[in-house]
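# Structural overview
Take a look at the letters that make up each chain.
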Amino acid sequence: MVGVIGISIFAAFAAEGYVLKPQPGIADIVVHAPNVSHVIVVPFENHKLADWMADPYFASLAKKYGNATNFHGFSGTSLPDYLMETSGSNQGITGDSFTFCQFNVPNIYDTLTQKGLTFENFEESGNEGNHRHTPGYFYPSTCHNVQDMSKFESKYVAGNQIPPNYVWVTPNFTDDAHDSNVPTASNWLKNTFKLDTLLSKPWFTDGSTLIILECDDGGSASANTLLLMLSTSSMGTTTNKKYTHINDLSTAMWWLGMTGSIGNANASLAIKDLFR
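Residues numbered from 1 in each chain as written. Predicted model: local features only at pLDDT ≥ 70, side-chain atom pairs only at ≥ 80, totals over all residues. Heavy atoms only, no water.

## Let's talk about the pattern of salt bridges
As enumerated under the stated definition, the model contains three salt bridges in all. Lys48 is the partner of Asp51 in a salt bridge, and the nearest nitrogen-oxygen pair spans 3.5 Å. Since its relative accessible area comes to 41%, Lys48 is described here as partly exposed. A salt bridge links Lys155 to Glu120; its shortest N-O distance comes to 2.6 Å. On the criterion of sequence distance, the pair formed by Lys155 in helix α6 (residues 149-157) and Glu120 in strand β3 (residues 119-123) is long-range, its members being 35 residues apart. Residue Glu120 is classed as buried on the basis of its relative accessible area of 13%. (Salt bridge = Lys/Arg side-chain N within 4 Å of Asp/Glu carboxyl O. Buried < 20%, exposed > 50% of the residue type's maximum accessible area, 1.4 Å probe, protein only. Helix = DSSP H or I, 4+ residues; strand = E, 2+ residues; numbered from the N terminus.)

## With respect to the packing of aromatic side chains
Here the structure, examined in full by the defined rule, presents 22 aromatic pairs. A ring pair is formed by Phe44 and Trp188, whose centres lie 6.0 Å apart and whose planes are at 80°; its orientation type is edge-to-face. Of this pair, Phe44 sits in strand β1 (residues 38-44) while Trp188 sits in helix α7 (residues 182-192), placing them 144 residues apart in sequence. Classification of Phe44 as buried rests on a relative accessible area of 0%. A residue is classified by how much of its surface remains accessible, and Trp188, at 1% relative accessible area, is buried. Between Tyr109 and Phe119 the ring centres are 4.9 Å apart and the planes differ by 50°, which places this aromatic pair in the tilted class. Of the two residues, Tyr109 is situated in helix α5 (residues 108-114) and Phe119 in strand β3; the sequence distance between them amounts to ten residues. Residue classification places Phe119 among the partly exposed residues on the basis of a relative accessible area of 22%. Among the aromatic residues, ring-to-ring pairing joins Phe98, Phe100, Phe103, Tyr109, Phe119, Tyr137, Phe138, Tyr139 and Tyr166 into one connected group. (Phe/Tyr/Trp six-rings, centres within 6.5 Å; stacked < 30°, edge-to-face > 60°.)

## Focus: the pairing of β3
In terms of burial, β3 is a largely internal element, four of the five residues being buried. Here five bridges tie β3 to strand β5 (residues 166-170), and the two strands are oriented parallel to one another. By the bridge assignment, Glu123 is partnered in β5 with Thr170. The sheet contact formed by β3 and strand β4 (residues 147-148) spans two bridges and is parallel. Opposite Glu123, over in β4, you have Asp148 as the bridge partner. (Pairing = 2+ DSSP bridges.)

Following this line, the structure appears as structure tokens:
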């Protein structure tokens, strides 16, 4: 999120006559408010928007917070979508097979590290042998540091720690609705992930945190699916503009105050019409 620090930085550059020109990859990344803002991403799977909105809990969140009603996956498969969301490109991948640490490309995690910002990846137990929903396993710098989701609960739900700048939390294939249904995912979100508890934490109510609830696709690239932006500045907003996972990454960059590009993503592509 662009704050006072960011404004002063750009004012200083303007006063000196400098122009920031984004380049391909990791380029000209300027952090406006380091260590202040937070993004938490929680992915779900394989159901169209109507299915999500038929669930009372998801429907209540869509009514209360930012609701993007024309969100689509890239290809109808998970791996390309999550590569897009963390590296700004599908890296030429169209299927769901990969090897650990495979993609040595610019990505959100390395960009955060280069700028002194922090991140964590968590995965719920039950995904052993199939980790394509957890981008932390994709990249050499992060593939050995994915934590069990129980640590997220102990630190940020039951505990009073403040999350790092960027957090990815992957449910298992049952709880994300991949191998089940939307009511199962809804129950997990409310009673296991304990979203309502997180929404009452000071680091959320102070306006510094964005929680992104998304579905990778609606069963195909053509079907619209779930994308909710939960923050105190996206209360009761909606947009029908078409968005994809590139826009999710761009929104995270914008919220964390980063200009420049990560692959094809940049803050100008953020879903700003959901924020007041």
